[in-house]
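Architecture and fold: a report
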Amino acid sequence: MKKLAKNIKYWAKSSALIVGLSISASCDGFLDEDVVSQIGNDYLNTSKGLNDGINAAYSSMRAWYGTERGNNFTSFGTDIFTNGADGSWKFMNTYTNQFDSQNGHVRELWDEFYRGINTCNAVIDRSVELTGVSQELITQRVSEAKFIRAHHYFIMVQLFGALDLQLSETTLPTKEVTRSPVSAVYAAIIKDLEEAIPNLEAKAKSSDYGRATKPAAEHLLGRIYLTKATSEAGEASDYSKAETLLQSVIDNYGFELLSDFANVHAFGNEINNEVIWSTQYTYDPLTNQQANTSSNPSLNSGNNSHVFFLMEYDVQPGMQRDTENGRPFKRFKSTDYTLNTIFADRVNDSRYKNTYVDHFLSNKPGTYNTTFDKSKASVTFAAGDTTMWLPGYNMSSAERAKYPYQVLTPELYTERLFPAIKKQKDPGRVDRTQFEGGRDYIAMRLADTYLLLAESQFRQGKIDLATKNINTVRRRAAFPGKEAAMEISESQLTFEFITEERARELIGEQTRWLDLKRWGILVERVKAHNPQGAPNIQAFHVLRPIPQNQIDRAEGNASAFPQNPGY
């Protein structure tokens, strides 16, 4: 972990540096000079400049993974999450007209990803002028830049559709931009990764942990083909290409599913044999900065996923806020569909138990009047006593009265009180108020590879192979001794089952909105299962709005860079 932290610090420092060397996106012009360093422009043509440049490009991943915007984009407005009591950003779940082109999240992500893309472009373009550096190292760093550039364009083409496709370094401010078609964006993404894969490290973990590897690029490209298959750029061969890549990740690098699902996201176990690639953070606030945090401090927030999935435990009898239980923003509340259908099996499947917090232990001893559970008038706790239990099923008042603590049953759930998800909890923060978390964010892991592979095989009619891969994930998820009961037959494998299995395994991991969008079922699933989002969601919501500042800074404005329909 010491080496990891050192790398992160270097990346953050480089991030500020690279903005001074190149041209960056801003609110006032499409590409404006933003000089924050006195180091000369030729620095990128040196060995150290090459490394600082690519490290700066990696830091732009922090605009997406583990952030408020990344979580809001992917959890809100889906079938498995609706909004809790937190007033911030609810319109991203309810699809009201507040979610418009002035949205801060779309502006920040757009600007930060294009900043990262231009940094990648600079690394790639300047590499031909480098001297005193081995060609092997140059080739590897250029391949890493292509991995990052492909990643950014892939996230953005899913969210926004047609994009400004910039594949060379912008060295002077310009307002000449256009929206390239989705097919052209996918072609550029695939070309980048196909060129990168042969030259990245062919091992499970890079010798310099955190850098892109061959299996990470193969996993990413496999997902890209699976997504492209249902897009307007889809081709008949996409599913078979995805299958080949995803099978390679499983077969060739020594990854393995952890034996216990509970350990995958256990605090302190962020580097494990299931992780294919992650975005790195530390607890030093200086190392979590992104490129323009001086002008936008909200971007300097570390991995803050830990706050969004928690319920309001801290005002309940016997409890106060602490680092172990987290700072509860009450942002994402699991829908009834999630709790009652996705996680219906709690006898054989350990994932409900290991995903949700089902009890709290007193950190504020004393005697209190009850708040939500009126089956008893008061409760008394010593330190470490159970204060609340969430059994996951309803009980009569008489049954709840038998317990010496409050029992939070589904009929008592509110936007403040509901089962909290513990995957992203971060007890390593310096105090109970700290927002800037320091855990690495696991962006790619092997269970997802198995599920993507099974989906690609299912789409090709290879039901036997798809079932086998689904069962590999399900056996790991079983309570000990329940492995056989978790297996499904080929006749049980349906598209609906795949959608539910991905939710069971990957809930809270920034995948759901993108999954629903690529499956073409976003609108129908929100209408069916998200009561807050159902009244307003429309067909055009499968794309996000282009930030208005991007349209305004384009030559010709909306005529040259049109807004997505509906916004």
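Described below are features of the structure shown in this document. Remember, it's a predicted structure, so these values are computed and weren't measured experimentally.

About the cut-offs
- Residues numbered from 1 in each chain as written.
- Predicted model: local features only at pLDDT ≥ 70, side-chain atom pairs only at ≥ 80, totals over all residues.
- Heavy atoms only, no water.
- Helix = DSSP H or I, 4+ residues; strand = E, 2+ residues; numbered from the N terminus.
- Buried < 20%, exposed > 50% of the residue type's maximum accessible area, 1.4 Å probe, protein only.
- Contact = heavy atoms within 4.5 Å.
- Areas by Shrake-Rupley, 256 points an atom, 1.4 Å probe, with all protein chains shown as cover.
- Lys, Arg positive; Asp, Glu negative; His and termini not counted.
- Charge placed at Lys NZ, Arg CZ, Asp CG, Glu CD.
- Phe/Tyr/Trp six-rings, centres within 6.5 Å; stacked < 30°, edge-to-face > 60°.
- Lys NZ or Arg CZ within 6 Å of the ring centre and 35° of its normal.
- Axes fitted to C-alpha atoms, helices over the stretch in contact; angles between N-to-C directions.
- Parallel < 35°, antiparallel > 145°, perpendicular 65-115°, else oblique.
- Pairing = 2+ DSSP bridges.
- Polar contact = N/O pair within 3.5 Å; in protein donor to acceptor, adjacent residues only side chain to side chain.
- 1 Å grid on protein atoms, 1.4 Å probe; cavity = no way out; pocket = protein on both sides within 12 Å on 5 of 7 lines; lining within 4 Å.
- Points joined across faces, edges and corners; volume = space filled by probe spheres on them.
- Nonpolar A, V, L, I, M, F, W, Y, C, P; charged D, E, K, R; others polar.
- Expected span 1.5 Å × (residues − 1).
- Salt bridge = Lys/Arg side-chain N within 4 Å of Asp/Glu carboxyl O.

**A word on the overall build of the protein chain**
Along the backbone of the protein chain there are 19 helices and 11 strands. Expressed along its principal axes, the backbone C-alpha trace of the protein chain runs to roughly 75 × 50 × 50 Å. Residue burial in the protein chain is summarised as follows: out of 567 residues, 63% are buried. Of all intrachain contacts in the protein chain linking residues separated by at least 6 positions in sequence, the fraction that spans at least 24 positions is 71%. On the protein chain, roughly 20,500 Å² of surface is accessible, and the fraction owed to carbon and sulfur atoms is 50%. If you average the places of the 62 positive and of the 68 negative side-chain charges in the protein chain, the two averages end up 4 Å apart.

**Describing the side chain of Q424**
With respect to the secondary-structure elements, Q424 resides in the loop between strand 10 (406-407) and strand 11 (441-445). What makes Q424 buried here is its relative accessible area of 11%.

**Considerations on the packing of aromatic side chains**
Each aromatic ring pair is described using two quantities: the centre-to-centre distance and the angle formed by the ring planes. Tallied over the full model, the rule gives 28 aromatic pairs. Their ring planes at 75° and their centres at 6.3 Å tell us that Y65 and W277 sit as a pair that is edge-to-face. On the criterion of sequence distance, the pair formed by Y65 in the loop between helix 2 (47-59) and helix 3 (68-75) and W277 in strand 4 (residues 275-279) is long-range, its members being 212 residues apart. Looking at Y65, the relative accessible area reads 8%, which means it is buried. For W277, a relative accessible area of 3% puts it in the buried group. Grouping aromatic residues by their ring pairs yields a cluster made of F76, F81, F308, F309, F329, F332 and F435. Across the ring face of Y281, the terminal group of R62 is positioned such that the distance to the ring centre comes to 5.5 Å. In this arrangement the basic side chain of R346 is found over the ring face of Y352, its NZ or CZ atom lying 3.7 Å from the centre.

**Some remarks on the packing of helix 8 (residues 214-228) against helix 17 (residues 512-519)**
Packing of helix 8 against helix 17 leaves a shortest axis separation of 9 Å and a crossing angle of 40°. Judged by the inter-axis angle, helix 8 sits oblique to helix 17. Across the interface between the two elements, R223, L226 and T227 from helix 8 touch L514, D515 and R518 from helix 17.

**Considerations on the sheet that holds strand 10**
Picture the strands of a sheet paired through backbone hydrogen bonds; they go either parallel or antiparallel. In space, the 3 strands of this open sheet follow the order 6-9-10, with mixed pairing throughout. The open sheet is flanked by strand 6 (359-361) and strand 10, the only strands paired with a single partner. Pairing of strand 6 with strand 9 (residues 386-389) involves 3 bridges; the strand directions are antiparallel. Along strand 9, the bridge assignment pairs F360 with M388.

**Structural notes on the environment of H359**
Relative to the assigned elements, H359 resides in strand 6. Note on H359: relative accessible area 37%, which makes it partly exposed. Taking C-alpha positions, H359 is 6.0 Å from L390, a pair spaced 31 residues apart along the chain. Ignoring any residue separated from it by four or fewer positions in sequence, one finds H359 in contact with M388 and W389. Side chain to side chain, H359 and D358 meet in a polar contact 2.8 Å long.

**Observations concerning empty space enclosed by the protein**
Inspection of every chain in the model, using the stated rule, returns 6 cavities of 30 Å³ or more. For the largest cavity, the calculated volume is near 240 Å³. Lining the largest cavity are 19 residues, with Y65, R223, A443, D448 and T511 positioned closest to its centre. Tallied by class, the residues present in the lining of the largest cavity amount to 10 nonpolar, 5 polar and 4 charged.

**Section: helix 6 (residues 135-160)**
With 26 residues, helix 6 should reach 38 Å at 1.5 Å per residue; the first-to-last C-alpha distance of 37 Å fits that figure. When you tally the buried positions in helix 6, you get 22 out of 26 residues, the bulk of the element.

**As for the layout of surface pockets**
There is about 490 Å³ of room inside the largest pocket. The wall of the largest pocket is formed by 19 residues, among which E324, V357, K422, K423 and K425 lie closest to the centre. For the lining of the largest pocket, the secondary structure elements donating two or more residues are helix 11 (351-355) and strand 6. Here the lining of the largest pocket gets 3 residues from one element, more than from any other, and that element is strand 6.

**Things to note about the pairing of strand 8 (residues 378-381)**
Burial along strand 8 is one-sided: the face carrying V379 and F381 is buried and the face carrying S378 and T380 is not. Pairing of strand 7 (residues 366-369) with strand 8, which is carried by 4 bridges, proceeds in the antiparallel orientation. Considered in strand 8, the bridge of G366 is made with F381.

**Re the pattern of salt bridges**
For the structure shown, the criterion picks out 47 salt bridges. What emerges from the salt-bridge pattern is a single network uniting E274, D349, R351, K423, R445, R474, R476, E501, R504, E505 and E509.

**Some words on unusual backbone geometry**
A positive phi angle, near 55°, is found at Y95, a position not held by glycine. On the secondary structure map, Y95 appears in the loop between helix 4 (91-94) and helix 5 (104-126). With relative accessibility at 3%, the residue Y95 sits in the buried group. Positive phi is not limited to glycine here, since K330 has a value of about 60°. Mapped onto the fold, K330 is located in the loop between strand 4 and strand 5 (332-334).

**Looking at the side chain of K425**
Within the secondary structure, K425 sits in the loop between strand 10 and strand 11. Of the side chains with opposite charge, E324 lies nearest to the buried K425, which makes no salt bridge, at 5.3 Å. Among the polar contacts made by the side chain of K425, one reaches the main-chain carbonyl oxygen of E324 at a distance of 3.5 Å. Residue contacts for K425: discarding those within four places in its chain leaves H306, L310, E324, N325, V357 and R439.

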